[in-house]
Amino acid sequence: MSCRDTQEGGLRPVDLARAAGVSPQQIRNYADAGILPPAPRSPTGYRRFDAGHRQALLAYRALVRGHGSGPARAVMRAVHAGEVARALALIDAGHALLHDQRGALRTTGEALEAVAEGAPTAPALPRSRLRIGEVAAHLGIRTSALRVWEAAGLLTPSRDPGTHYRSYLPADVRDARIVHMLRQSHYLLPQIRPVLDDLRRSGGVGALRTALAQREAALDLRARAMLEGAAHLYRYLSDTSPPAPEGASSEPASRGPYSADGAPEASAQ
């Protein structure tokens, strides 16, 4: 029995709204956007929802927590268009992006520690004072970014007494590089301030390590949310997809050079 046969009386938009913690109007918006499967209309013109719509709604809301609203919407639309393979590819892309972000965070952390501690592997700092255009060129960023960071209190370059141009010391360039690297890892400006304050005050990287640990924890939470979203989507697909043809195997057609547990198999030669 499919999940749609379990609700003979049907569900109202308000019933779905309560299940997901959204408004009834949002349920109508989801239906119009293709996030929910098509709903038949009653003789009076009202949509008739059922348990299948509720399951699609919960799957979408779970996917949003892990992948964001845009990718989650694309996944559900693909499912309802009969393009399950495309939906699964979108899920794979989300996991691949998370994997890349973990790798980038690890690389950023290592580079930031090297810059903060002045390790030999860190990029060489300029020996003399630089103007804002020279710092921007040195870091590969725009001068407008340096001005925004200064306005936020992250950078405090001095001013040339004669020209009043900004003048960046080597320590200022180091701070700008740290801000740039943290911004590339999606840190907000208020999150960067404690890192620089700790570095300037004690010369240590305690706040930097804390910030990186917090970012890693956020990625862990997102990974868990992705797993939850995948579980909801799997249940929805299992209840709404047609059964596999008789004789079809659930095993992959070929594992190539790998055994059942993923280990390389010995050569037959």
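Read on for a plain summary of the structure. (Residues numbered from 1 in each chain as written. Predicted model: local features only at pLDDT ≥ 70, side-chain atom pairs only at ≥ 80, totals over all residues. Heavy atoms only, no water.)

## Overview of the overall build of the protein
Quick note on the threshold: Every helix listed is a DSSP run of H or I at least four residues long, and every strand listed is a run of E at least two residues long, numbered separately from the N terminus. Each residue's exposure class comes from its accessible area (1.4 Å probe, protein chains only) as a fraction of the maximum for that residue type: buried when under 20%, exposed when over 50%, partly exposed otherwise. Only heavy atoms matter for contacts: two residues are in contact if any of them lie within 4.5 Å across the pair.
Of regular secondary structure, the protein possesses 10 helices and 2 strands. Ordered by position from N to C terminus, the α and β elements of the protein give α-α-α-α-α-α-α-β-β-α-α-α. Within the protein, the fraction of its 269 residues that count as buried is 37%. Counting only contacts in the protein whose residues sit at least 6 apart along the sequence, the fraction spanning at least 24 positions is 61%.

## Details of the nonpolar core
Most often, soluble globular proteins keep nonpolar side chains buried together rather than apart. Selection rule: Nine residue types can take part in a nonpolar core, namely buried Ala, Val, Leu, Ile, Met, Phe, Trp, Tyr and Cys, and a core is a set of them joined through side-chain atoms within 4.5 Å.
Counting 33 residues, the largest nonpolar core has L146, W149 and L182 as the members making the most contacts within it. Counting only elements with at least two residues in this core, the list comes to helix 5 (84–117), helix 6 (132–139), helix 7 (143–151), helix 8 (170–184), helix 9 (189–202) and helix 10 (206–240). If sequence neighbours within four positions are ignored, L182 has contacts with L112, Y187, I192, V195 and L208. In terms of nonpolar packing, the next biggest core, distinct from the first, is built from 26 residues, A20, I27, Y30 and L63 among them.

## What about the pattern of salt bridges?
Quick note on the threshold: Think of a salt bridge as a Lys or Arg side-chain nitrogen and an Asp or Glu carboxyl oxygen that are within 4 Å of each other.
Following the criterion strictly, the structure yields 7 salt bridges and no others. Here D220 makes a salt bridge to R102, at a shortest N to O gap of 2.8 Å. Here the residue D220 occupies a position in helix 10, and R102 occupies one in helix 5, the gap between them amounting to 118 residues. Relative accessible area serves as the criterion here: at 34%, D220 is assigned to the partly exposed category. Since its relative accessible area comes to 24%, R102 is described here as partly exposed.

## Let's talk about the side chain of H53
Looking at the element boundaries, H53 is found in helix 3 (residues 51–67). By relative accessible area, which is 0% here, H53 ends up buried. Non-local contacts of H53, meaning those with residues more than four positions away in its chain, are made with L16, L36, P37, P38, A39 and R48.

## Quick look at the packing of helix 3 against helix 10
Inclusion rule: For helices, the fitted axis covers only the stretch in contact; all axes are lines through C-alpha atoms, and the angles between them, taken along N-to-C directions, range from 0 to 180 degrees. We call two directions roughly parallel when the angle between them is under 35 degrees, roughly antiparallel when it is over 145, roughly perpendicular when it lies between 65 and 115, and oblique otherwise. Whether a crossing is left-handed or right-handed is set by the direction in which the near helix is turned from the far one by less than a right angle, anticlockwise for left-handed and clockwise for right-handed. Think of it as three bins: nonpolar holds Ala, Val, Leu, Ile, Met, Phe, Trp, Tyr, Cys and Pro, charged holds Asp, Glu, Lys and Arg, and polar takes everything else, Gly as well.
The interhelical angle for the contact between helix 3 and helix 10, taken along N-to-C directions, is 160°, at an axis separation of 7 Å. With respect to their mutual orientation, helix 3 and helix 10 come out roughly antiparallel. Seen from above, helix 3 lies across helix 10 with left-handed handedness. Residues G52, Q55, A56, L58, A59, A62, L63, R65, G66 and H67 of helix 3 touch helix 10, and the partners they reach there are R222, A225, M226, E228, G229, A230, H232, L233, R235, Y236 and D239. Per-class residue counts for the contact of helix 3 with helix 10 are 10 nonpolar, 6 polar and 5 charged.

## Description of unusual backbone geometry
With phi around 65°, H164 is a residue other than glycine that occupies positive phi space. Looking at the element boundaries, H164 is found in the loop between strand 1 (158–159) and strand 2 (166–167). Overall, H164 belongs to the exposed group, its relative accessible area being 53%. Unusually for a residue other than glycine, H186 sits at a positive phi of about 70°.

## Section: the side chain of R215
Stated formally: In this tally, Asp and Glu contribute negative charge and Lys and Arg positive charge; neither His nor the terminal groups of the chain are included.
Along the chain, R215 falls in helix 10. Among buried Asp, Glu, Lys and Arg side chains, R215 stands out as unpaired, with E216 the closest opposite charge at 10.0 Å. The contact partners of R215, leaving out residues within four places of it in the chain, are Q101, L105, S185, H186 and Y187.

## Some points on the packing of aromatic side chains
Our working rule: Only rings of Phe, Tyr and Trp enter the pairing, Trp through its six-membered ring, and a pair is recorded when the two centres are within 6.5 Å. The plane angle decides the type: under 30 degrees is stacked, over 60 is edge-to-face, the rest tilted.
Scanning the entire structure with this criterion turns up 1 aromatic pair. Both rings, one in Y30 and one in Y60, keep their centres 5.1 Å apart while their planes meet at 65°; by these two values the pair is edge-to-face. Residue Y30 is found in helix 2 (residues 24–33), and its partner Y60 is found in helix 3; the two are separated by 30 residues along the sequence. Per residue, the accessibility class of Y30 equals that of Y60, and both read buried.

## Some thoughts on helix 1 (residues 13–20)
Formally: To obtain the arc, one takes the directions from the helix axis to the C-beta atoms.
Every buried residue of helix 1 is accounted for by P13, L16, A17 and A20. Looking straight down helix 1, one finds that the buried residues subtend no more than 105° of arc, so they occupy a single side. Of the surrounding elements, those touching the buried residues of helix 1 are helix 2 and helix 3. One or two steps after helix 1, the chain reaches G21, where phi turns positive at roughly 70°.

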